[in-house]
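What the coordinates show
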Amino acid sequence: MNFRKLAYLLLREAGIGVALVLIIVIFMLVAPNFASPINMMNICTQISINTVIAVGMTFVILLGGIDLSVGSVLALCTIVAGLILTSDTLSPGLAFFLAVVASLAVGALCGLFNGFVCERWKIHSFVVTLGMLNIARGAALQISDSRTLFGFPDIFTNLGAQNVFGLPVIFIMALTLVVIGTIVLNRSVFGRMIYAIGNNEEAVRLSGHRTILYKIAAFVICGGCVGVAGIMYMLRLSMASPILGVGFELNAIAAVVIGGTSMMGGKGSLIGTFLGACIIGVLNNGLLLLGMGDFARQIVTGLIIVAAVIIDTYRNRLLTRIQVSE
């Protein structure tokens, strides 16, 4: 492998991993108890929900779109699932099953609405999903009467407290979704079409493909991932609330962008998204251990997002030069 090819691979894939390792090493040296097993488990738990939402967000951003409604849709999914779990007329096992199905269905239907409106009337996803942000939040408040739901069946709460191979259940769920999503994007016709549409939608359309179906499907996948995240949130905290999820869309977008996915579409990977979510989780945890407050940590996260976009711009230029020179 020549130097240019090696440089291309390092710039495309390895940079975010190296950054994560450096951040971990720094916090191991300066933050008390950062490297303790308990704290490592906490980090795995904390990044799981953002990872799952970011997986769905990656599909949308690869097409050059965005979904600002994921936080509100998450709240709606948890409320619908929570109402089922707290029903007195259902057995615990049946309630568990129906709650999972309902959460996935609500998330997918919200995604279907977003995708259909965007493509049917050619409205930018920023505007449509901003509308869905308010629709979903209002619906969650309405059907719950603005109450927080808790008191879920033991079969549900016990699962959330379990570990598999020494890792939290919800972290295993997040990893599984990353693996499945990676296979879909890299090994399926659907995944190749997502990348192709993100790079040049007009060329794909002229070749005879119905790009509208793929774009709507990406929003449905994003919504379905939010439904999964809703169940994971309830497993973790044993509660459902119509006001949760505020700012979740920003963390998901940050994970995707930091992970190297281009906001213009067509470039990125779920491995990068997962590493981006890890960086956000590690930063939040490490800064908290150092005594930094919530507001200061939000400033740091915002600066990192801006830096990631700037770095991505220069990285894409270097990648283009390397490819052209070959």
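Please refer to the structure placed before this passage.
Attention in this report is confined to the structure presented alongside it. Since this is a predicted model, take the numbers as computed values, not measurements.

So, on to the pattern of salt bridges. Inspection of the entire model under this criterion finds five salt bridges. Where glutamate 119 meets lysine 122, a salt bridge forms, and the shortest distance between an N and an O atom there is 3.7 Å. Across the salt bridge formed by glutamate 202 and arginine 205, the nearest N and O atoms sit 2.4 Å from each other. Of the two residues, glutamate 202 and arginine 205 are both situated in helix α8 (residues 189–206); the distance of three residues between them amounts to about one turn of the helix. By sharing partners, the salt bridges in this structure join Glu119, Lys122, Glu201 and Lys215 into a single network.

Within the largest apolar cluster, 89 residues are counted, with the highest numbers of intra-cluster contacts made by Phe27 and Phe156. Of the residues forming this core, the biggest block, 13 residues, is contributed by helix α2 (residues 37–62). In this structure, phenylalanine 27 is in contact with Phe34, Val282, Leu283, Gly286, Leu287 and Leu290, ignoring residues within four places of it in sequence.

Despite not being glycine, lysine 122 has its phi angle at roughly 55°, a positive value. Mapping lysine 122 onto the fold places it in the loop between α4 (92–120) and α5 (125–144). If you check the backbone angles, phenylalanine 165 has positive phi at about 55° while not being a glycine. Overall, the relative accessible area of 83% leaves phenylalanine 165 in the exposed class.

Before going further, it helps to examine the packing of aromatic side chains. The geometry of an aromatic ring pair comes down to the distance between the two centres and the angle between the two planes. Across all of its chains, the model carries seven aromatic pairs by this definition. Between phenylalanine 27 and phenylalanine 34, the aromatic rings sit 5.6 Å apart at their centres with planes inclined by 35°, giving tilted as the arrangement. Each member of the pair, phenylalanine 27 as well as phenylalanine 34, carries the same accessibility label: buried. Seen in terms of ring centroids, phenylalanine 171 and phenylalanine 274 are 6.5 Å apart; in terms of plane orientation they differ by 45°. Their pairing is tilted. Pair noted here: phenylalanine 171 is in helix α7 (residues 169–187) and phenylalanine 274 is in helix α11 (residues 270–289), with a separation of 103 residues, a long-range link. Per residue, the accessibility class of phenylalanine 171 equals that of phenylalanine 274, and both read buried.

Moving on, we come to α5. Here α5 contains 20 residues, and its C-alpha end-to-end distance of 28 Å stays within 8% of the 28 Å for a straight helix at 1.5 Å per residue. The set of residues buried in α5 consists of Ser125, Val128, Thr129, Met132, Ala136, Arg137, Ala140 and Ser144. Down the axis, α5 shows its buried residues gathered within 165° of arc, on one side only. Among the exposed residues of α5, those pointing more than 90 degrees away from its buried face are Val127, Asn134 and Gln142. Residues of α5 that are buried in the fold lie against α3 (70–85), α4 and α9 (211–237). Backbone geometry just after α5 places aspartate 145 at a positive phi near 55°.

This paragraph deals with a nonpolar patch on the surface. On the surface, Val21, Val25, Ile26, Leu29, Val30 and Leu290 cluster together into a nonpolar patch covering about 570 Å² of accessible area. Tracing the backbone shows valine 25 in helix α1 (residues 3–30). A residue is classified by how much of its surface remains accessible, and valine 25, at 40% relative accessible area, is partly exposed.

The next thing to look at is the environment of tyrosine 233. By secondary structure assignment, the location of tyrosine 233 is in helix α9. Classification of tyrosine 233 as buried rests on a relative accessible area of 13%. Between the C-alpha atom of tyrosine 233 and that of tyrosine 195, which follows or precedes it by 38 residues, the distance is 30 Å. When near neighbours in sequence (up to four residues on either side) are disregarded, tyrosine 233 contacts Ile49, Ser238, Met239, Leu244 and Phe248.

Reading the values: rules and limits
Residues numbered from 1 in each chain as written. Predicted model: local features only at pLDDT ≥ 70, side-chain atom pairs only at ≥ 80, totals over all residues. Heavy atoms only, no water. Salt bridge = Lys/Arg side-chain N within 4 Å of Asp/Glu carboxyl O. Helix = DSSP H or I, 4+ residues; strand = E, 2+ residues; numbered from the N terminus. Core = buried A, V, L, I, M, F, W, Y, C linked by side-chain atoms within 4.5 Å. Buried < 20%, exposed > 50% of the residue type's maximum accessible area, 1.4 Å probe, protein only. Contact = heavy atoms within 4.5 Å. Phe/Tyr/Trp six-rings, centres within 6.5 Å; stacked < 30°, edge-to-face > 60°. Expected span 1.5 Å × (residues − 1). Arc of directions from axis to C-beta. Patch = residues over 30% accessible without salt bridge, like charges linked within 9 Å, V, L, I, M, F, W, Y side chains within 5 Å. Areas by Shrake-Rupley, 256 points an atom, 1.4 Å probe, with all protein chains shown as cover.

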